[in-house]
Number of protein chains: 2
Amino acid sequence: MPQADAIAADDAVTPRQGEVLDAVLELLVEGRDTLTMTAVARRASCSKETLYKWFGDRDGLLTATVRWQASKVRAGNWDRQHLDADALAESLEAFAANWLTVISSKTSVALNRVAIAHAGSGRSDLGRIVLANGRFAIGERLKPLLEAAREAGLIAFNDAEAAFRTFFGLVGRDVQVRLLLGDGLVLSKAEIVADAERAVAQFLMLYGRRN
Amino acid sequence: MPQADAIAADDAVTPRQGEVLDAVLELLVEGRDTLTMTAVARRASCSKETLYKWFGDRDGLLTATVRWQASKVRAGNWDRQHLDADALAESLEAFAANWLTVISSKTSVALNRVAIAHAGSGRSDLGRIVLANGRFAIGERLKPLLEAAREAGLIAFNDAEAAFRTFFGLVGRDVQVRLLLGDGLVLSKAEIVADAERAVAQFLMLYGRRN
DNA sequence: CCCTAAGAGTACCGTACGGTACGGTTCGGC
DNA sequence: GCCGAACCGTACCGTACGGTACTCTTAGGG
């Protein structure tokens with residue numbers, strides 16, 4: 001796990017603090033420009049002084065929010081036993097569908113937006129944290145599956161990282177950037193499943209051992 | 001009020017206005033938080049009053065800047081004559097390399113960041129404009145090539161849009177989101193060329209007619 | 001029943017920035 | 001050489017927001 005801060009997440013977040021962070025997420029989803037400390041305090045029914053006491057400053061609050069959300073999104077496991085072609089496809093599809101669901105959620109879009117805006121202005125933990133918990137976390141979770149599949153003779157590749165990046169591209173395509181830029185793209189559950197199947201089929205056509 | 005003129009006159013940008021917009025791009029690249037009207041005026045050696053006269057307000061200035069940059073990035077043509085397998089691969093690689101070069105440029109990253117931040121806060125032309133001049137513009141330019149290649153019997157697909165999106169994913173992969181989030185990813189000219197070749201090879205493996 | 005601590009609510013301060021006003025300067029037209 | 005337009009530089013205004021201080025309420029502990 002190269003990104004050390006991927007899991008430095010929900011340490012010592014009291015339930016009440018969780019409520020506050022949920023309020024931040026709400027406001028974030030409603031529109032980034034409404035995210036003022038006063039608005040957070042009002043929404044969470046707490047005082048600004050408490051916000052500053054708990055989170056230090058505005059950046060600290062945002063950082064805690066990003067970590068808080070990351071700690072809530074954990075998914076995509078696979079069965080290490082009996083890995084045959086069907087099980088592989090199924091696991092990959094589960095990863096793909098989960099990933100598409102996450103990146104198309106309003107929360108993820110809003111959080112990525114604020115992290116990207118933050119990354120533009122010098123001092124930026126947010127971008128790094130989002131990357132560590134998003135793109136890199138899923139990479140580290142998926143690579144073992146890819147390598148197990150390779151050892152089982154189901155797929156072939158030299159570089160697991162490169163293979164994952166191809167998978168990533170086939171799954172995500174233009175979805176994330178379109179959502180971030182405000183395109184009115186909506187992914188239904190059915191479309192996500194179909195997209196996941198298509199992406200996995202394409203991936204296996206590129207990397208699968210001909211049988 | 002000359003405001004209407006200034007907004008509508010995104011095609012008729014005087015040289016002096018171009019200088020101002022270039023100054024905006026400079027500041028944008030240097031760090032988004034430094035982009036204040038005062039800073040623009042200082043950098044461009046013009047008065048704030050002139051900025052407001054020409055561009056209406058801050059959003060107008062940003063919009064003009066996005067359009068200005070878009071008007072500077074036009075590339076990726078292909079030879080309609082003699083379209084054989086080699087020519088197709090070459091054209092696709094040119095598209096891919098050009099696209100990678102654009103999205104990994106500091107200017108593009110900075111502009112996408114501000115557009116994304118803008119898209120978060122309700123009323124947002126910026127996101128739409130960036131999308132129209134980026135993702136969708138290249139799609140519209142590439143699809144004719146794909147369709148010509150299909151008619152030439154080089155590739156096979158039902159939906160040109162879907163084929164393009166796959167191409168888009170294979171080329172871009174995780175590059176754009178990583179750059180937007182501030183990952184220290186640098187693409188050398190050689191890597192871009194290699195990536196373009198890989199993406200095209202993969203695309204042709206998925207869509208190419210077996211020969 | 002008091003004492004203390006946590007925290008809600010609110011008033012307040014400083015500053016940064018969007019937007020405006022105005023005096024001074026340059027320059028093309030007559 | 002004069003006039004007006006364009007425009008630079010800058011001082012100025014209003015406001016929004018980050019951050020702080022202060023009061024008031026509530027809850028536990030003795």
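Definitions and cut-offs
- Residues numbered from 1 in each chain as written.
- Chains lettered and ligands numbered in written order.
- Predicted model: local features only at pLDDT ≥ 70, side-chain atom pairs only at ≥ 80, totals over all residues.
- Heavy atoms only, no water.
- UniProt positions renumbered as here; feature names shortened; annotations may be inferred.
- Helix = DSSP H or I, 4+ residues; strand = E, 2+ residues; numbered from the N terminus.
- Near = heavy atom within 4 Å.
- Polar contact = N/O pair within 3.5 Å; in protein donor to acceptor, adjacent residues only side chain to side chain.
- Nonpolar A, V, L, I, M, F, W, Y, C, P; charged D, E, K, R; others polar.
- Least-squares fit on C-alpha atoms with pLDDT ≥ 70 in both.
- Contact = heavy atoms within 4.5 Å.
- Domains from an automatic or database assignment.
- Buried area = accessible area lost by both parts, 1.4 Å probe.
- Salt bridge = Lys/Arg side-chain N within 4 Å of Asp/Glu carboxyl O.

Some remarks on the UniProt feature "domain: HTH tetR-type" (unreviewed entry) in chain A
Under the feature "domain: HTH tetR-type" (unreviewed entry), the UniProt entry names residues 14-73 of chain A. A distance of 18 Å separates the end C-alpha atoms of residues 14-73 of chain A, which is 78% helix and 0% strand.

Brief notes about the protein's contact with DNA strand C
For DNA strand C, the set of nearby residues contains 15 residues, the closest of which are A:Ser47, B:Thr36, B:Lys48, B:Glu49 and B:Arg58. By atom count, sugar and phosphate contribute 55% of the portion of DNA strand C lying within 4 Å of the protein. In this structure, a phosphate oxygen belonging to DNA strand C sits 3.0 Å away from a side-chain N or O atom of A:Thr50. Between DNA strand C and B:Met37, the relevant distance is 3.0 Å, taken from a phosphate oxygen to a main-chain nitrogen or oxygen of the residue. Considering each element in turn, the surface near DNA strand C owes the most residues, four residues, to helix H3 (residues 48-55) of chain A.

A few points about the protein's contact with DNA strand D
In the neighbourhood of DNA strand D, 15 residues make up the surrounding shell, with A:Thr36, A:Lys48, A:Glu49, A:Tyr52 and A:Arg58 lying closest. Within the backbone of A:Met37, one N or O atom sits 2.9 Å away from a phosphate oxygen of DNA strand D. A:Lys48 has a polar side-chain atom sitting 2.6 Å from a base oxygen of DNA strand D. Sorting the residues of the surface near DNA strand D by element identifies H3 of chain A together with helix H4 (48-55) of chain B as the ones contributing at least two each. Ranked by the residues each element gives to the surface near DNA strand D, the list is headed by H4(B), at four residues. Residues belonging to the surface near DNA strand D are distributed by class as follows: four nonpolar, four polar and seven charged.

Structural notes on the relation of the copies chain A and chain B
Mapping chain A onto chain B calls for a rotation angle of 180° and an axial translation of 0.0 Å; the resulting RMSD is 0.1 Å. Between the two chains, the operation in question is that of a two-fold axis. The rotation axis passes nearest to the C-alpha of A:Gly169 in chain A, at a distance of 2.1 Å. Most of the interface of chain A is mirrored in chain B, where 100% of its interface residues are also at the interface.

Observations concerning the domain arrangement of chain A
All names here are of chain A. When cut into domains, chain A gives domain 1 (12-71) and domain 2 (76-207). The centre of domain 1, based on its C-alpha atoms, is set 28 Å off from the matching centre of domain 2. The interface of domain 1 with domain 2 comprises twelve residues on the first partner and twelve residues on the second. Summed over both sides, the interface of domain 1 with domain 2 buries roughly 1100 Å², with 81% coming from carbon and sulfur. Linking domain 1 to domain 2 there are zero salt bridges. Taken together, the links from domain 1 to domain 2 amount to one residue pair in polar contact (both at pLDDT 80 or more). Sorting the residues of the side of domain 1 that touches domain 2 by element identifies helix H1 (15-30) and helix H4 (58-72) as the ones contributing at least two each. When residues of the side of domain 1 that touches domain 2 are assigned to their parent elements, the largest contribution, eight residues, is made by H4.

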